[in-house]
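Coordinates in review
Each chain is listed here by its residues.
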Amino acid sequence: MQQGQRCLVLAVDLGTSATTAQWALAVDSFNQQGVLQRKCFGRPVEMRAWRGARKGDAIGNICLPTDLVYDRASRELLCMGFQAQQYLDDPSPEIARENVFVVEHIKLLLNDPDDAKVSPDTATRYRNMRDELARTLQKDPYEVFEDFLDAVIEEIIGAAKISIPFPLETSKLELALAFPSGWPELVHRKVAAIGARGVQKALEIHSLQRMTFGIQNVYTLSETLCGVKEWLTATIEEASISLDLGPQTSNLDELNEGDFFLPVDIGGGTGCLTPLRLVSKNPLRVDQLGPTQSLEVSGEAVEAEFERRLRQIVSPRDYNGDLERLIYQVCREFKEEKKNCGQPPRPGSPSWNIHTPRLRANPRKGFEKDCMKLSRIILEKCFDPALDRLDLAIEQVLAEYPAIRAIVFLGQFGGSSDYLRKRMARSPITNSVKLRHIRPEVGDSEKLWNTDQSSLLPWFRRTAAVPHGHAGRGCATGATV
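Basis of the calculations
- Residues numbered from 1 in each chain as written.
- Predicted model: local features only at pLDDT ≥ 70, side-chain atom pairs only at ≥ 80, totals over all residues.
- Heavy atoms only, no water.
- Helix = DSSP H or I, 4+ residues; strand = E, 2+ residues; numbered from the N terminus.
- Buried < 20%, exposed > 50% of the residue type's maximum accessible area, 1.4 Å probe, protein only.
- Contact = heavy atoms within 4.5 Å.
- Areas by Shrake-Rupley, 256 points an atom, 1.4 Å probe, with all protein chains shown as cover.
- Pairing = 2+ DSSP bridges.
- Axes fitted to C-alpha atoms, helices over the stretch in contact; angles between N-to-C directions.
- Lys, Arg positive; Asp, Glu negative; His and termini not counted.
- Salt bridge = Lys/Arg side-chain N within 4 Å of Asp/Glu carboxyl O.
- Polar contact = N/O pair within 3.5 Å; in protein donor to acceptor, adjacent residues only side chain to side chain.
- Phe/Tyr/Trp six-rings, centres within 6.5 Å; stacked < 30°, edge-to-face > 60°.
- Lys NZ or Arg CZ within 6 Å of the ring centre and 35° of its normal.
- Expected span 1.5 Å × (residues − 1).

Some details on the overall build of the protein chain
When helices and strands are tallied, the protein chain shows 11 helices and 20 strands. Here the protein chain, with 481 residues, has 55% of them falling under the buried criterion. In the protein chain, once contacts between residues fewer than 6 apart in sequence are set aside, the share between residues at least 24 apart is 67%. With the model as given, the accessible surface of the protein chain reaches about 21700 Å², and the carbon-plus-sulfur share is 50%.

Section: the sheet that holds strand E8 (residues 100-103)
Taken together, 3 strands build an open sheet; the order of strands is E7-E6-E8 and the sheet is antiparallel. Edge strands, defined here as strands with exactly one partner in the open sheet, are strand E7 (77-80) and E8. Between one strand axis and the next, the sheet turns by 20° as a mean value, whatever way the strands run. Across 4 bridges, the pairing between strand E6 (residues 68-71) and E8 is antiparallel.

Structural notes on the side chain of Arg-97
Position of Arg-97 relative to the elements: it lies in the loop between helix H1 (82-89) and E8. One buried charged residue, Arg-97, remains without a salt bridge, the closest side chain of opposite sign being Asp-90 at 5.8 Å. A polar contact of 3.0 Å, which involves the side chain of Arg-97, links it to the backbone oxygen of Tyr-87. Look past the residues within four positions of Arg-97 in its chain and what remains in contact with it is Tyr-87, Leu-88, Asp-90, Pro-91 and Arg-325.

Notes on the packing of aromatic side chains
In total, this model carries 6 aromatic pairs according to the counting rule given. Relative to Tyr-419, the ring of Phe-383 has its centre 5.0 Å away and its plane inclined at 45°; by these criteria the two rings are tilted. Of this pair, Phe-383 sits in the loop between helix H8 (376-381) and helix H9 (384-400) while Tyr-419 sits in helix H11 (residues 418-425), and the two are 36 residues apart along the sequence. Accessibility classification places Phe-383 together with Tyr-419 in one group, the buried group. A cation over a ring is seen here: Arg-97 above Tyr-87, with NZ or CZ 5.0 Å from the ring centre.

Focus: the side chain of Ser-171
Positionally, Ser-171 belongs in the loop between helix H3 (141-163) and strand E9 (172-179). On the basis of relative accessibility, which here comes to 1%, the residue Ser-171 falls in the buried class. Once residues lying within four places of it in the same chain are set aside, the contact partners of Ser-171 are Gln-5, Arg-6, Met-211 and Thr-212.

Comments concerning the pairing of strand E11 (residues 260-266)
Along E11, 7 of the 7 residues are buried, which leaves the element largely enclosed by surrounding structure. Pairing of E11 with strand E18 (residues 404-410) involves 6 bridges; the strand directions are parallel. When the bridges of E18 are listed, Asp-265 appears paired with Leu-410. Looking at chain direction, E11 and strand E13 (residues 276-281) are connected through 2 bridges and run antiparallel. In the strand pairing of E13, Phe-261 is matched with Leu-276. Bridge count between E11 and strand E12 (residues 271-273): 3 bridges; the pairing is antiparallel. Bridging from a neighbouring strand, Ile-266 pairs with Gly-271 of E12. With antiparallel pairing between neighbouring strands as the criterion, E11 and E12 make up a hairpin whose turn holds 4 residues.

With respect to H3
One full turn of an α-helix is made of 3.6 residues, so residues set three or four places apart face in the same direction. When the terminal C-alpha atoms of H3 are compared, their 33 Å separation across 23 residues agrees well with the 33 Å that a helix rising 1.5 Å per residue should span. Along H3, 18 of the 23 residues are buried, which leaves the element largely enclosed by surrounding structure. Of the residues flanking the start of H3, the one acting as N-cap is Asp-140, its side-chain oxygen 3.0 Å from the backbone nitrogen of Tyr-142.

As structure tokens, then:
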């Protein structure tokens, strides 16, 4: 066997509202048959050393917000991530709000709205956001996304360099980026190129230019399929697989080889579903039965519906101040409050009460002086338009593949939303399939390590050569773990 080469592997889950990352060190060598053998040193390390993260916060340190704040005059990036979040939460920031331009959910603007599978209203909203970006910053969405990813990669490599007790100059580096698999190939290639440039910039910043790296060392992986691998790995290894949802459902019998199942991955800004068949358990192998279908179902879709309803409720007659600023702040708070939707009502809390100085009392709307009260029934109704679309999409897939035995909900929204869980439990589809909601336990980048190039590269690998050196997107057909 040839002498091994050290390899630093970075895994980044490019979420819509938050990004998570991990890194690991491995040694690569080839056996006499020329097959890559990879040995990992210890477990992957969660990236926690984000600038501005609160020390000791086990959740906040992991999930880096994707907000960016630019100076309007110079068009320079002032802050991002936790530092941007702190700026936006500050009621009296040092730099006045009117002097900055805030970019949120930049990932959603990468896909051309004319090509995206979204409603006309959503396409118009994304198009307007792209136009405002171009007018204000004179940048396109990919250039802004590059600003974000450059900073993310630089911080990860910097943290790894400090933590690893020996020089990295002679090591190799690989970058895995989890991204919506249903998005066009062109988007994946552009994101891979941005990642490659970000690594090269970071290596120069940290004086690691001698490390071996190129575009062929960048992989864009399917978020959904990585999550499926994580779930299957955890459940199939058990003596008996239980998909217990609680007292309202019965356990699902063991998922057997040949069984069809439907992963539904719903995150903060994107959603998709992919019908799969479990081919074998050892080695773990699945086949993709049909194309990945993008869904206009996400946390962002719920937030957009909330904003639409809020604008119908509150008017300039109700508020003696900057109404647009108020709407922006309430919508930011709703991103957290929506997590409570679907939970049993708490005593004395039939409404969401928001401290709102300068708000006038309006008994008809339920407003008190300086306090906006929004019924929890109204909050839950913000979920229904998106979930109506989800019901229809699932019904269409079940009609095409009636042998599907289970639906597996993944992602921050799909796995964690109590309202989604409660509504799906009432759905007629429970008469024919079992439901499983995989609540995320750790940063989503954890699922990237349940991958293969001897356990640290993509599980779903494209077998054909890919032009331009990009190592390829996740591919499900005939994938072997």
